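# A look at the structure
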Number of protein chains: 2
Amino acid sequence: MQICLIGAGNLASQLAPALASKGHCFLQVFSRTEDSAQRLASVLQCESVVRPELIRTDADLYICALKDDALSQVLSRIKFGKGLVVHTAGSLPMNLLAEYTPNHGVFYPLQSFSKQRQVDFSEVPFFIEAAFSESFETLRKLASCLSDKIIPADSEQRKQLHLSAVFANNFVNYLYSIAEDLVNEKGIDFKYLLPLINETARKVQTLTPVQAQTGPAVRFDRAVMDSHLELLNDHPDWKLLYEKMSEGIHERAKSK
Amino acid sequence: MQICLIGAGNLASQLAPALASKGHCFLQVFSRTEDSAQRLASVLQCESVVRPELIRTDADLYICALKDDALSQVLSRIKFGKGLVVHTAGSLPMNLLAEYTPNHGVFYPLQSFSKQRQVDFSEVPFFIEAAFSESFETLRKLASCLSDKIIPADSEQRKQLHLSAVFANNFVNYLYSIAEDLVNEKGIDFKYLLPLINETARKVQTLTPVQAQTGPAVRFDRAVMDSHLELLNDHPDWKLLYEKMSEGIHERAKSK
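First things first, this report covers the structure right here in the doc. (Residues numbered from 1 in each chain as written. Chains lettered and ligands numbered in written order. Predicted model: local features only at pLDDT ≥ 70, side-chain atom pairs only at ≥ 80, totals over all residues. Heavy atoms only, no water.)

### Side note on the relation of the copies chain B and chain A
Two copies of one chain are present, and they are related through a rotation about an axis combined with an axial shift. Turning chain B through 180° and shifting it by 0.0 Å along the axis lays it on chain A, with an RMSD of 0.0 Å. Taken together, the rotation and translation describe the operation of a two-fold axis. In terms of proximity to the rotation axis, the leading residue of chain B is Val172(B), whose C-alpha is 2.7 Å off the axis. Both copies contact each other with a shared surface, as 100% of the interface residues of chain B are interface residues in chain A too. (Least-squares fit on C-alpha atoms with pLDDT ≥ 70 in both. Contact = heavy atoms within 4.5 Å.)

Right, dumping it as structure tokens:
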């Protein structure tokens, strides 16, 4: 497949080399940042462009991996040919692409991408959607060269997936940062929490989160909870989170 | 070392066999629940007792791994000899034991223990404290047969550790359960979130939580956040968590 890559951010920088390593050919990389475009283009051994007008019209596939707010801005300046145009965003509906081309779809790998870490795509689930059934097949084949987890999902499902990912990834990481601050306050290194963090994630690989739930909030152990709340007196925001999450855990445990 | 184990819950059931496998000898297991006492005693090949008065006075070490609220109740009925008496609780001060014996301490493995999962103690950090320096040495040696992460911690530090563990384990798991409900609402299996959950935990093994933070809240992307909040209209509690955690993430990112 001959692919134009639109975007050179975290997702693009990991997805494109993975696809290239499976024999897919990249024609161009577009980024508004010349540096990013050139860097990724040199990895993919293809042309880099910084003006949307220079994107070729003869690609089989256009993968738009831009920030949500940049997407429409850039797309309106591209002349697409007959190729399939997909975006990779969890939060955006597919039909956003309809005004640019009838042949469109979504190619959404559910994972947290950062520049500093190499993602193993073989375990990443791909949620796909397309306006035409042949295009859906194209996306299925494309994803299948990287992963065996390929799931059809409409825009409503994908939006909800993105929301759950915010809880399971962004908010979880925020709790890690609170825990880090708390131990640091008493001169203890965050590294000692890492085995616990690992085990917490590993547990739900075999148990449901409700089965895996432990802690003072499960039995609403007032003595322990009050002593924790007292420690949080200087952090009213964390105190509120502590109260609300403890109530939620207890409600959950009761209704089990 | 000749050990009496007081308690047969999740922690006791994992810690005692691990110590036994390193050559430590258990004399007795006490539990108020006959079944639990007998089950663990048969694993440890020792006597089981259900009345605190029957606990022997000649042990080198008494490990009290009881629920916080049961501890005082049980301890007041035991006659300790010269052996070292320790509890294993994060949230309780060491001096709680002073009224029962001068030779006391704390042996706190920081991990989440459940019956269904075997814990690998080699990666568990042990936080220890003792009234006498010889007893501290005894605890250090005991822990060192299981793990090389042995950290002196006073009661204040341990309490804060326990609090941070509530954030990094109990509350994280609660967020997993919200994410599970959200995907289930749209007919999607929770298993597709597991690679993301794994990666989230793995990231902070090499990056700090602040470096690892991603998501719409970092740049306070109002459009995405508003569309998420709308999806949470039927879940006011989760909506509040969403708002508070997003604010916290944004504050953090700004002050970086």
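Structure shown, so let's carry the discussion forward.
### Looking at the nonpolar core
With 84 residues, the main nonpolar core has Phe167(A) and Phe167(B) as its most contacted residues. With residues near it in sequence (within four places) discarded, Phe167(A) still touches Val172(A), Leu175(B), Ile178(B), Ala179(B), Leu182(B), Leu232(B), Trp238(B) and Tyr242(B). (Core = buried A, V, L, I, M, F, W, Y, C linked by side-chain atoms within 4.5 Å. Buried < 20%, exposed > 50% of the residue type's maximum accessible area, 1.4 Å probe, protein only.)

### Describing the pattern of salt bridges
All chains considered together, the criterion is met by 30 salt bridges over all chains. Asp58(A) serves as the salt-bridge partner of Arg56(A), at 2.9 Å between the closest nitrogen and oxygen. Classification of Arg56(A) by relative accessible area gives partly exposed; the value is 33%. Of the charged contacts in the structure, one is a salt bridge between Glu251(A) and Lys254(A), with a shortest N-O distance of 3.6 Å. Note that Glu251(A) and Lys254(A) are positioned in helix α9 (residues 236-254) at a spacing of three residues, about one turn of the helix. A residue is classified by how much of its surface remains accessible, and Lys254(A), at 55% relative accessible area, is exposed. Connected via shared salt-bridge partners are Arg117(A), Glu123(A), Glu199(B) and Arg202(B). (Salt bridge = Lys/Arg side-chain N within 4 Å of Asp/Glu carboxyl O. Helix = DSSP H or I, 4+ residues; strand = E, 2+ residues; numbered from the N terminus.)

### Some thoughts on helix α3 (residues 68-75) of chain B
Residues and elements named next belong to chain B. Burial in α3 covers these residues: Asp 68, Ala 70, Leu 71, Val 74 and Leu 75. Projected onto a plane normal to the axis of α3, the buried residues spread over an arc of 145° and lie on a single side. Looking at α3, the residues exposed on the side facing more than 90 degrees away from the buried face are Asp 69 and Gln 73. (Arc of directions from axis to C-beta.)

### Side note on unusual backbone geometry
Notably, Phe220(A) is not glycine yet its phi reads approximately 45°, a positive angle. Assignment of secondary structure puts Phe220(A) in the loop between α7 (209-212) and α8 (222-231).

### A short note on the interface of chain B and chain A
The interface is formed by 83 residues belonging to chain B together with 83 residues belonging to chain A. Buried surface at the junction of chain B and chain A, summed over both partners, amounts to about 8,800 Å²; 66% is from carbon and sulfur atoms. Considering only the surface of chain B that becomes buried against chain A, Arg117(B), Gln160(B) and Phe167(B) emerge as the three largest contributors, covering 8% of it. Linking chain B with chain A are eight salt bridges, by the criterion used here. Among the salt bridges present, the one from Asp181(B) reaches Arg252(A), with a minimum N-O distance of 2.8 Å. At the junction of chain B with chain A, the criterion picks out 37 residue pairs in polar contact (both at pLDDT 80 or more). In terms of residues, the side of chain B that touches chain A owes the most to one element, helix α5 (residues 155-185) of chain B, which gives 28 residues. Its residues placed into classes, the side of chain B that touches chain A shows 43 nonpolar, 25 polar and 15 charged. (Buried area = accessible area lost by both parts, 1.4 Å probe. Polar contact = N/O pair within 3.5 Å; in protein donor to acceptor, adjacent residues only side chain to side chain. Nonpolar A, V, L, I, M, F, W, Y, C, P; charged D, E, K, R; others polar.)

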